[in-house]
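Residue strings, one per chain:
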Amino acid sequence: MELFVQSLVSGILLGGLYAAIGVGLSLVFGIMGLTNIAHGSLLILSSFFIMIFVQAFGGSIILAFAITIVLMIAVGVLLQGFLINRVISKGAEPALLVTFGVAIIIWNILEFFFGANFFRLSNPLTGINVVSTRWMIIPATALFNLGISTVVILALHFVIQKTLFGRAIRAAAGNVNAAELMGINTSRTYIYAMCLALATSSVGGLLVGQTFGFFSFSGMGYLIIAFGVVVIGGMGSILGTFLGGIILGVAQLLGGYFFGPGVQTLVGYLTLLVLLTLRPQGLLGNMTRK
Amino acid sequence: MNENMLMTIENLNVSYGDFQALYDVSMQFPKGAIVSIIGANGAGKSTLLNAVLGINKPHSGKVTFQGQDITGKRTSTIVSKGVSLSPEGSSVFEDMTVYENLVVGAFLPSARKKKKERMEYVYKLFPALKEKASQRATFLSGGQRQMLAIARALMSDPKLLICDEISLGLAPVVVGDIYNSILEVNEKMGLTIVLVEQEVKRSLDYSDISYVLVKGSVVMGGPSDELDEAAVKDAYFGINQFA
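Residues numbered from 1 in each chain as written. Chains lettered and ligands numbered in written order. Predicted model: local features only at pLDDT ≥ 70, side-chain atom pairs only at ≥ 80, totals over all residues. Heavy atoms only, no water.

Let's talk about helix α9 (residues 219-233) of chain A
Residues and elements named next belong to chain A.
Point 1. An ideal rise of 1.5 Å per residue puts 21 Å on 15 residues; α9 measures up with 21 Å between its terminal C-alpha atoms.
Point 2. Along α9, the positions that sit buried rather than exposed are Gly-219, Tyr-222, Leu-223, Ile-225, Ala-226, Gly-228, Val-229, Val-230, Ile-232 and Gly-233.
Point 3. Positive phi shows up at Gly-234, right after α9, with a value of about 110 degrees. (Helix = DSSP H or I, 4+ residues; strand = E, 2+ residues; numbered from the N terminus. Expected span 1.5 Å × (residues − 1). Buried < 20%, exposed > 50% of the residue type's maximum accessible area, 1.4 Å probe, protein only.)

Here's the deal with the sheet that holds strand β10 (residues 217-223) of chain B
Residue and element names in this part refer to chain B.
Point 1. Taken in spatial order, the six strands line up as β6-β7-β8-β3-β9-β10 in an open sheet, and their pairing is mixed. The open sheet has two free edges, formed respectively by β6 (83-86) and β10, since each of these has just one partner strand. When strand polarity is set aside, the average angle formed by the axes of neighbouring strands in this sheet is 15 degrees.
Point 2. Here five bridges tie strand β7 (residues 160-164) to strand β8 (residues 192-197), and the two strands are oriented parallel to one another. Across the sheet, the residue bridging to Leu-160 is Thr-192, located in β8.
Point 3. Taken strand by strand, helix α7 (residues 142-155) contacts β6 and β7, and its axis lies near 170 degrees from that of β6.
Point 4. Relative to β8, helix α8 (residues 172-189) is tilted by about 155 degrees, and along the sheet it contacts β3 (34-39), β7 and β8. (Pairing = 2+ DSSP bridges. Axes fitted to C-alpha atoms, helices over the stretch in contact; angles between N-to-C directions. Contact = heavy atoms within 4.5 Å.)

Here we look at the interface of chain A and chain B
Point 1. Of the residues lining the interface, 22 residues belong to chain A; the matching set on chain B comes to 22 residues.
Point 2. When chain A packs against chain B, the two sides together hide about 1,900 Å² of surface, and 64% of this comes from carbon and sulfur.
Point 3. A salt bridge links Arg-170 of chain A to Glu-100 of chain B; the nearest nitrogen and oxygen atoms lie 2.8 Å apart.
Point 4. The tally of links from chain A across to chain B stands at seven residue pairs in polar contact (both at pLDDT 80 or more).
Point 5. Mapped by element, the contributors of at least two residues to the side of chain A that touches chain B are α6 (164-174), α7 (176-181) and α8 (186-211) of chain A.
Point 6. Considered class by class, the residues forming the side of chain A that touches chain B number nine nonpolar, nine polar and four charged. (Buried area = accessible area lost by both parts, 1.4 Å probe. Salt bridge = Lys/Arg side-chain N within 4 Å of Asp/Glu carboxyl O. Polar contact = N/O pair within 3.5 Å; in protein donor to acceptor, adjacent residues only side chain to side chain. Nonpolar A, V, L, I, M, F, W, Y, C, P; charged D, E, K, R; others polar.)

Side note on helix α5 (residues 115-125) of chain B
Owing to its 3.6 residues per turn, the α-helix brings residues three or four apart onto one side.
Residue and element names in this part refer to chain B.
Point 1. Looking only at α5, the buried set comprises Arg-118, Met-119, Val-122, Tyr-123 and Leu-125. Projection of α5 onto a plane perpendicular to its axis shows the buried side chains occupying an angular sector of 160 degrees, all on one side. The exposed set on the far side of α5, more than 90 degrees from its buried face, consists of Lys-116, Glu-117, Glu-120 and Lys-124.
Point 2. Each element contacted by the buried residues of α5 is listed here: α3 (98-105), α6 (127-131), α7 and α8. (Arc of directions from axis to C-beta.)

Considering the pairing of β6 of chain B
Residue and element names in this part refer to chain B.
Point 1. Residues of β6 alternate between two faces, with Val-83 and Leu-85 on one and Ser-84 and Ser-86 on the opposite face, all of them buried.
Point 2. Sheet analysis places β6 next to β7, joined by four bridges and oriented parallel. Bridge pairing links Leu-85 to Ile-162 in β7.

Concerning the environment of Met-96 of chain B
Residues and elements named next belong to chain B.
Point 1. Here Met-96 shows up in the loop between β6 and α3.
Point 2. Met-96 sits in the buried class, given a relative accessible area of 1%.
Point 3. Between the alpha carbons of Met-96 and Thr-138 there is a distance of 8.1 Å; along the sequence they are 42 residues apart.

So, the packing of aromatic side chains
Point 1. Across all of its chains, the model carries 17 aromatic pairs over all chains by this definition.
Point 2. When the ring of Phe-53 of chain A is compared with that of Phe-57 of chain A, the centres are 6.0 Å apart and the planes differ by 35 degrees; the resulting orientation is tilted.
Point 3. Residue classification places Phe-53 of chain A among the buried positions, given a relative accessible area of 15%.
Point 4. Taken together through their ring pairs, the aromatic side chains of Phe-4, Tyr-257, Phe-258 and Phe-259 of chain A make up a single cluster.
Point 5. Positioned above the aromatic ring of Phe-93 of chain B is the side chain of Arg-152 of chain B, whose terminal nitrogen or guanidinium carbon lies 4.7 Å from the ring centre. (Phe/Tyr/Trp six-rings, centres within 6.5 Å; stacked < 30°, edge-to-face > 60°. Lys NZ or Arg CZ within 6 Å of the ring centre and 35° of its normal.)

Here's the deal with the nonpolar core
A general tendency of soluble globular proteins is for nonpolar side chains to be buried together.
Point 1. Counting residues in hydrophobic clusters, the biggest one holds 82 residues, and the most contacted among them are Met-27, Leu-48, Ile-150 and Leu-195 of chain B.
Point 2. Those residues within four positions of Ile-150 of chain B in sequence are excluded, and the remaining contacts are Ser-86, Phe-126, Leu-161, Cys-163, Ile-166, Ile-178 and Ile-182 of chain B. (Core = buried A, V, L, I, M, F, W, Y, C linked by side-chain atoms within 4.5 Å.)

Thoughts on the domain arrangement of chain B
Residues and elements named next belong to chain B.
Point 1. One can read the domain layout of chain B as domain 1 (2-82 + 159-236) and domain 2 (91-152).
Point 2. Averaged C-alpha coordinates put domain 1 and domain 2 at centres separated by 23 Å.
Point 3. On the domain 2 side, the residues contacting the 14 residues of domain 1 number 10 residues.
Point 4. Between domain 1 and domain 2, the buried area comes to about 950 Å², and carbon and sulfur atoms account for 76% of it.
Point 5. Applying the counting rule to domain 1 against domain 2 returns one residue pair in polar contact (both at pLDDT 80 or more).
Point 6. Looking at the side of domain 1 that touches domain 2, the elements that each hand over two or more residues are α2 (75-80), β7 and α8.
Point 7. The element that contributes the greatest number of residues to the side of domain 1 that touches domain 2 is α8, accounting for seven residues.
Point 8. Among the residues making up the side of domain 1 that touches domain 2, the classes are represented as 10 nonpolar, two polar and two charged. (Domains from an automatic or database assignment.)

Quick word on the pairing of strand β9 (residues 209-214) of chain B
All names here are of chain B.
Point 1. For β9, the tally of buried residues reaches six of six residues, placing the bulk of the element in the interior.
Point 2. What you see with β9 is no split at all: Ile-209, Tyr-211 and Leu-213 on one side and Ser-210, Val-212 and Val-214 on the other are buried throughout.
Point 3. In this sheet, β9 lies alongside β3 in parallel orientation, the contact comprising five bridges. Residue pairing for β9: Gly-39 is matched across the bridge by Leu-213.
Point 4. In this sheet, β10 lies alongside β9 in antiparallel orientation, the contact comprising six bridges. Within β10, the position partnered with Ile-209 by the bridge is Pro-223.
Point 5. Counting the residues between successive antiparallel strands, the hairpin from β9 to β10 contains two residues, one of them, Lys-215, with a positive phi of roughly 45 degrees.

Considerations on the sheet that holds strand β2 (residues 19-30) of chain B
Residues and elements named next belong to chain B.
Point 1. With antiparallel pairing, the four strands of this open sheet are ordered in space as β2-β1-β4-β5. Whereas interior strands pair on both sides, the edge strands pair on one side only; in this sheet they are β2 and β5 (68-69).
Point 2. Taken together, the two bridges between strand β4 (residues 60-65) and β5 define a ladder with antiparallel strand orientation. For Thr-64, the partnering residue across the bridge sits in β5 and is Asp-69.

Below, the structure written as C-alpha cells:
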C-alpha cells in the first residue's frame, strides 16, 4: 500500500515535468498546425546551452538560464522567420519535413561537439527531501519541477486566453485569412509563437537537464514523451498539456507498481492508446484548427 | 487623381495558372458612397476582393487607396491603411466569444484606442450581439454570424467597408435588417461601403453606384438609379453578352 501511494505521488510529480516537456509542442501545433519534430532536439539544445553558460559565466545557473532563454528566442526568430514561414503556407507536411531536417542538424552539431557523453546540470536540490515518511518520499527536485511547470503553464494559458496578443494568436490559429483581415500579420504572429514555445522549452530543458540528464541524441526520447503528453491532453490545449503530463506520469509509475518497472513505459503508451480510442481529440482538445 | 475617389481599380487582370479570372477590371469608389458589385457565382467577385485585399496577387493592373498604390501588398498592411472586409458569414473566429471576436477586430494600434466607443456603437447597431457577448461564435445563428462579421470589420475603424455576400443563405427579413444597419452606418458616419452581391434588385436599391461583373469583366457600371434592372438582369444571366 505504501508503495502504491508513493507510485501515485511520484507519478503526479513526474507528470509536472512531462507537462513542461510537452507544452511547447502543443503550443506550436495549436497555433500553426505544425508538428515540430525538432521539439525534443531544441529542448536538449537549451540544456546544452545552459551547461555551456554555467561553465562560461562562473557557475550561476540562473544567469545561464536567462541567457539561454534569450538565445532560444533568437533561435525561434531564425527557425520560424527564415525556414518554417517559407513553407508553412504550402501546408503542414513540408514544414514538418523542415523541422525533421532541423532535428537531424541539431543532433549532429551536438554530437560533433559533445560526442555521446552524458551530462547533467548541477542541481542544488539534489538529495533534499521535502517530505520523508513511511508513506511517501517527496524529493525537492520533483516538487520544484511540478511547481515551475504549473506556473509556466498557467502563465501561458493566461497569455493565450486573456491578452490581445493571445487573442491575435488564437485568431491566426482559427483562420489565417480572417486574422490578416483584422490587420494581424500572421507570419509575425507565428514567429512570436515559436519564440514563446522555445522559451517554455528552455524551462523544460532546465528541468530535464537537472532531473534526468541529457546527451546529443536524447531529444528524440523527449519528443516521444511530448507527443504522449500532447495527444492525451488534446493537441493545442495548454491546460490539456498539464493534464496529459500528469496522466502519462501516473500511468507509467502505477504501471511500474502493478506490472514491474520494466514495462512502465509500455503501460504509459498503452494508456495513451486507450484514451485515444475513447477520445481521439484528446481530453481538452479545443483549440482546433480549421 | 481625383480627390473624391477613396479607391480606384485600374485594368486589373488576375489569373489562376492558365485560367484568367479577371479581365481589365476598372472601378471607382467615391468617398461616402455605397457601391455595389453585382455578379453571379463564378463571375469573379471573390477573385476581385481577394486581389484588392492582397490575398491573391494580380498579374497586372493597379489598386489605389487614398492615393497610395496598394496592389499586391500584404493583407494586414492593406487593412492597416483602412480597408476592412466583412467576409462571408462563416469566417468568424468560431472558438472565440463574440466579445473576443470584436476585440480582435480592433487589433490595429489605431483602433485599440477607440475600442470602447466602437464596441458600444456596434452593440447598438446589432443588439443581438450584445446579448450573446460571452458566447462562443460557433453558437450563433447565420444572421448573427453575418452581423458579427460586419461588426468585427467595423471595429478596425475603417475608411472603406467591403461586405461580401451578406444575403447568402439568410432569410430575407434578416438580410433587410442588416442592410438597414449598413445604410445607417453610411449615413451617420459617412463610411464608404462596397456591397458585393448576387441579388440585383436589392443591390441597385441600396447603392449609389453599381458595377455588373460577368465572366471576369465589368459589363455595366454607373449610378444605380440610371441602371435598368431588366438590363442588369440580362447582362447578369449572360443574355446579349456578345451582341
